[in-house]
Structure formats: structure tokens, C-alpha cells
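Listed below, chain by chain, are the residues.
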Amino acid sequence: QVQLLESGGGLVQPGGSLRLSCAASGSIFSIGYMRWYRQAPGKQRDLVAAVSSGGSTNYVESVKGRFTISRDNAKNTVYLQMNSLKLEDTADYYCNADLRASRESRLENYWGQGTQVTVSS
């Protein structure tokens, strides 16, 4: 059984930094894209950043230059370094990944349980 477990959320002042981590565990043969989404109260869940298995990245415009997504394939872990945080970055952040549980399995999409990020003075 595959699990994605996020950590690193918390309360930070505007202009501060946080680093989110998401580790995939369980039966894993391979992992494709890994992504971070966020959902603010009363809003839809939106893609923030994504990284391919080869390290190619893309970001939503509002976080470019402030957030950095990276991954450690040996640890099945994806990170989101968030700098220069703004009030509007406050949200629940969710890890998402496409992976195969075994060589015979099809590619499936998995979600973590989310971690809360609050930016407040």
C-alpha cells in the first residue's frame, strides 16, 4: 500500500521561509511526476509546482522566483522550498505523485493528507 506523507508545515511571518517534504512509502516500483498543490479556505485546490522524474520543473506564476521544487529519487521524496512567503500563500499544501506499485502495475495517482501553512504577522 502506497502512502505519501507530508511534513514541514507551520506558522511563519510574511517574508519567512518553510520547507515542505513529502515521502512516498510502501510498494513502489517507479515514480513519475511529483507535484505540490495547495488549497486555501473556501477555494479550489490548485497546482503550485511539479517536477518530473528527470528533474524538469514548472511553477504557477504566483510562486516563480520564490518557491523551488526538488526531489530525491533515492528517497522517493519531493520537497518544496518556500521563500519570501506572503499572506496569500496561506493554505493546506498537498503532495501528489504518479507512480507504479510494481513492474506490472499501471501508473496511478496518489495524494498525501496535506500539511497546513499559515503566513501571518
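Residues numbered from 1 in each chain as written. Predicted model: local features only at pLDDT ≥ 70, side-chain atom pairs only at ≥ 80, totals over all residues. Heavy atoms only, no water.

A.B. asks: I would appreciate a short explanation of unusual backbone geometry in the present structure.
C.D. replies: Across residues other than glycine, the phi torsion is negative in most instances, and most of the peptide bonds are trans. The backbone of Asn 76 sits at a positive phi, close to 50 degrees, despite the residue not being glycine. Mapped onto the secondary structure, Asn 76 falls in the loop between strand 7 (67-72) and strand 8 (77-82). Even without a glycine there, the phi angle at Ser 84 is positive, about 50 degrees. Relative to the helices and strands, Ser 84 resides in the loop between strand 8 and strand 9 (91-100). A residue is classified by how much of its surface remains accessible, and Ser 84, at 41% relative accessible area, is partly exposed. (Helix = DSSP H or I, 4+ residues; strand = E, 2+ residues; numbered from the N terminus. Buried < 20%, exposed > 50% of the residue type's maximum accessible area, 1.4 Å probe, protein only.)

A.B. asks: Mind showing me how you'd approach the pattern of salt bridges here?
C.D. replies: Note that side chains of opposite charge can pair when their charged atoms are close. Tallied over the full model, the rule gives five salt bridges. Across the pair Asp 98 and Arg 35 runs a salt bridge whose closest N-O atoms are separated by 2.6 Å. One end of the pair, Asp 98, is in strand 9; the other, Arg 35, is in strand 4 (residues 30-39), and 63 residues separate them in sequence. The same class applies to Asp 98 as to Arg 35, namely buried. If you follow the salt bridges from partner to partner, you end up with Arg 38, Arg 66 and Asp 89 in one network. (Salt bridge = Lys/Arg side-chain N within 4 Å of Asp/Glu carboxyl O.)

A.B. asks: Hey, could you run me through the nonpolar core in this one?
C.D. replies: Soluble globular proteins tend to bury their nonpolar side chains together. In terms of nonpolar packing, the biggest core is built from 27 residues, with Trp 36, Phe 67, Val 78, Leu 80, Met 82 and Tyr 93 touching the most fellow members. The contact partners of Leu 80, leaving out residues within four places of it in the chain, are Leu 18, Arg 19, Leu 20, Trp 36, Val 48, Ala 49, Phe 67, Thr 68, Ile 69 and Tyr 93. (Core = buried A, V, L, I, M, F, W, Y, C linked by side-chain atoms within 4.5 Å. Contact = heavy atoms within 4.5 Å.)

A.B. asks: What is the right way to look at the state of the cysteines in this model?
C.D. replies: Throughout this description, disulfide means a covalent bond between two cysteine sulfur atoms. Per the counting criterion, the structure on display carries one disulfide. Two residues share a disulfide in this structure: Cys 22 and Cys 95, whose sulfurs sit 2.1 Å from each other. Judged by the sign of its S-S torsion, about -80 degrees, the bond between Cys 22 and Cys 95 is left-handed. Placement of Cys 22 in strand 3 (residues 18-25) and of Cys 95 in strand 9 is noted, with a sequence separation of 73 residues between them. Exposure class is identical for Cys 22 and Cys 95. Each is buried. (Disulfide = S-S within 2.5 Å.)

Don't take any of this as a statement about function, it's just geometry.
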